[in-house]
Amino acid sequence: MDLPVCTLDSPTNGAGGSVRPSAAPGERRDRISPSGPARAPGEQRLIRIGLLLPLSGSSGLHGPSGRSCAQLAAEEINALGGMLGRRIQVVVADGGMSFAASAREGERLIEEDGVAALIGTHPSGVREILGPRVGRRLPYIYTPIFEGDAYEPGVFYLGETAYQQLAPVLPWMKAHLGARRWYLIGNDYRWPRDAHRMACRLLAEQRAEIAGETMVPLETENFDAVVAEIRALQPDALIVTLIGSDAVIFHRAFARAGLDARIWRLGLLTEENTLLGIGAESSRRLLTSAAYFASLPYPENEEFVSRYRSRFGPHAPVLNSIGQSCYEGLLFLHRIASAAGSLEVEKLCRVADGLEMTGPRGRMRMVGRHFVKDMHLAEADGVEFAIRQSFPQVNPNKGNPK
């Protein structure tokens, strides 16, 4: 059964947007080009932008905030006159299924929905499939935290690289927390594997010890054996590269075992939404490293948070780095398209290097289609994060594994 595709384009649609069904299995749908000649006359000046976002699976908890942030960005861009003088509409598809199925949804956004650009907020395994297929055809903006050694053609990377998350943080944790003996646990796909390789490289430079490492399948529900191994090895700290519900289940099991009384945890994808699932009772000695937190004291972020809460009300989805990256992905597309005067990939690539933008994460500068940006180490304080240390303008590429 085909999943619904949602369109976000107007304040009248509400936070979730209107919903229209995709083509039924076997039903013919006309292929629509990004330039729009096959569209109805009223849509010919509309630029449609695809948003491939997890709405299901272990990362599905990021879907509501991502959709709301994209809705806000679309409304703000349209209020400023649109993109390249044309109104934009965001079309959302599910990127939370299997990697292959999610990649097919991305291709369907292009082939059937006629999007002129793609915002990807999904696991790296989806991007590995989709990037080589679409990167030269239209701009593909990849927004979340990722491994950092990716250079698929025509893809622009907004998220924090593993180097940015770890290089400034690991020496700080050794100096201030005495973290010299580490255990690594993550889901078994590209981002966690590459992040662990980066961690091992950086820890070796500090002459730190790796006590153990475990990789588990996505949607793992029982971590008893892993917790028992950690208890036996007694490391000083963990690096956790579990995503979504896997991270929630693990951290709860870790705290139930009483290991949070002594062992620090550095979760590389433990943002506010995941922290809410983990709960205050399981968040002691839990750290995370990211470029964005809802509590970030930048004026641009305080204004963004105010607009978000005003637009979606007191029950709006919790702001977090993954959801907010959907907002910034659209703002970046607007910024680079304005600089290039076009959405053609070659023209965008020519103006990308050195491009600067300032948003909720502060000032960012693009180098090699990745962003130099401020990074922050934060500690869980109940179900919110308190920033403990900031590291200005961290380079994304230096030291990335090849």
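In the block above lies the structure referred to throughout.
Throughout what follows, the structure given in this document is the object of discussion. (Residues numbered from 1 in each chain as written. Predicted model: local features only at pLDDT ≥ 70, side-chain atom pairs only at ≥ 80, totals over all residues. Heavy atoms only, no water.)

Before going further, it helps to examine the nonpolar core. Residues Ile 49 and Phe 332 are the most contacted members of the largest nonpolar core, which totals 45 residues. It is helix H11 (residues 321–340) that contributes the most residues to this core, 8 residues altogether. Apart from the residues within four sequence positions on either side, Phe 332 is in contact with Ile 141, Phe 156, Leu 158, Leu 355, Met 357, Met 366 and Phe 371. Core analysis: the second largest hydrophobic core is formed by 34 residues, Ile 145, Trp 191, Leu 203 and Ile 239 among them. (Core = buried A, V, L, I, M, F, W, Y, C linked by side-chain atoms within 4.5 Å. Buried < 20%, exposed > 50% of the residue type's maximum accessible area, 1.4 Å probe, protein only. Helix = DSSP H or I, 4+ residues; strand = E, 2+ residues; numbered from the N terminus. Contact = heavy atoms within 4.5 Å.)

Within this structure, the stated rule accounts for 21 salt bridges. Among the salt bridges present, the one from Arg 197 reaches Asp 194, with a minimum N-O distance of 1.9 Å. Taken together, the residues Arg 197 and Asp 194, both in helix H6 (residues 190–205) and 3 residues apart, mark about one turn of the helix. According to the relative accessible area criterion, Arg 197 is partly exposed, its value standing at 48%. (Salt bridge = Lys/Arg side-chain N within 4 Å of Asp/Glu carboxyl O.)

Positioned with a positive phi, Gln 234 is a non-glycine residue whose angle comes to about 50°. Along the chain, the position of Gln 234 falls in the loop between helix H7 (224–233) and strand E10 (237–241). We classify Gln 234 as partly exposed; its relative accessible area is 34%. Of note, Gln 393 is a non-glycine position whose phi angle comes to about 45°, a positive value. Turning to its location among the elements, Gln 393 is positioned in strand E16 (residues 384–394).

Time to look at the packing of aromatic side chains. Ring pairs (aromatic) are described by centroid distance and by the angle formed between their planes. One pass over the structure, following the stated rule, counts 11 aromatic pairs. Both rings, one in Tyr 142 and one in Phe 146, keep their centres 6.0 Å apart while their planes meet at 85°; by these two values the pair is edge-to-face. Judged by its relative accessible area of 1%, Tyr 142 is buried. Between Phe 332 and Phe 371, the ring centres sit 5.6 Å apart and the planes meet at 85°, which makes this aromatic pair edge-to-face. (Phe/Tyr/Trp six-rings, centres within 6.5 Å; stacked < 30°, edge-to-face > 60°.)

What follows covers the side chain of Gln 165. Among the secondary structure elements, Gln 165 is positioned in helix H4 (residues 162–166). Classification of Gln 165 by relative accessible area gives buried; the value is 0%. Not counting residues up to four positions away in its chain, the partners in contact with Gln 165 are Ile 145, Glu 160, Trp 191, Leu 268, Ser 289 and Met 375.

Here helix H10 (residues 299–312) is 14 residues long and its end C-alpha atoms lie 20 Å apart, about the 20 Å a rise of 1.5 Å per residue gives. Those residues of H10 lying buried are Asn 301, Phe 304, Val 305, Tyr 308 and Phe 312. Angular distribution of buried residues about the axis of H10 spans 100°; they occupy a single face of the element. In the core, the buried residues of H10 are packed alongside helix H1 (63–79) and H11. With its phi angle positive at about 85°, Gly 313 sits one or two positions after the end of H10. (Expected span 1.5 Å × (residues − 1). Arc of directions from axis to C-beta.)

It is the contact of helix H2 (residues 99–111) with helix H3 (residues 124–134), at a shortest axis distance of 8 Å, that shows an interaxial angle of 35°. Along this stretch, H2 crosses H3, giving a crossing that reads as right-handed. Counted together, Phe 99, Ala 100, Ser 102, Ala 103, Gly 106, Glu 107 and Ile 110 of H2 and Gly 125, Val 126, Ile 129, Leu 130, Arg 133 and Val 134 of H3 form the full contact between these two elements. Classifying every residue of the contact of H2 with H3 by side-chain character gives 8 nonpolar, 3 polar and 2 charged. (Axes fitted to C-alpha atoms, helices over the stretch in contact; angles between N-to-C directions. Left-handed = near helix turned anticlockwise from the far one by under 90°. Nonpolar A, V, L, I, M, F, W, Y, C, P; charged D, E, K, R; others polar.)

Our next topic: the environment of Arg 307. When you line up the elements, Arg 307 lands in helix H10. Judged by its relative accessible area of 33%, Arg 307 is partly exposed. Considering only alpha carbons, one finds Arg 307 and Leu 72, 235 residues apart in sequence, at a separation of 8.4 Å. Once residues lying within four places of it in the same chain are set aside, the contact partners of Arg 307 are Leu 72, Glu 76 and Tyr 327.

Moving on, we get to empty space enclosed by the protein. Using a probe with the size of a water molecule, rolled over the atoms, empty space left in the structure can be pinpointed. Here the structure, examined in full by the defined rule, presents 1 cavity of 30 Å³ or more. In this model, the largest cavity occupies a volume close to 160 Å³. Looking at the largest cavity, it is lined by 16 residues, and the ones nearest its centre are His 122, Pro 123, Pro 144, Tyr 189 and Leu 269. In the lining of the largest cavity, the residues fall into 11 nonpolar, 5 polar and no charged. (1 Å grid on protein atoms, 1.4 Å probe; cavity = no way out; pocket = protein on both sides within 12 Å on 5 of 7 lines; lining within 4 Å. Points joined across faces, edges and corners; volume = space filled by probe spheres on them.)

Moving on to the layout of surface pockets. Size it by volume and the largest pocket reaches roughly 360 Å³. Lining the largest pocket are 15 residues, with Ala 294, Arg 309, Val 318, Leu 319 and Glu 384 sitting closest to its centre. Among the secondary structure elements, those contributing two or more residues to the lining of the largest pocket are helix H9 (272–278), H10 and E16. By residue class, the composition of the lining of the largest pocket is 10 nonpolar, 2 polar and 3 charged.

Spatial relationships are all this shows, so hold off on functional conclusions.
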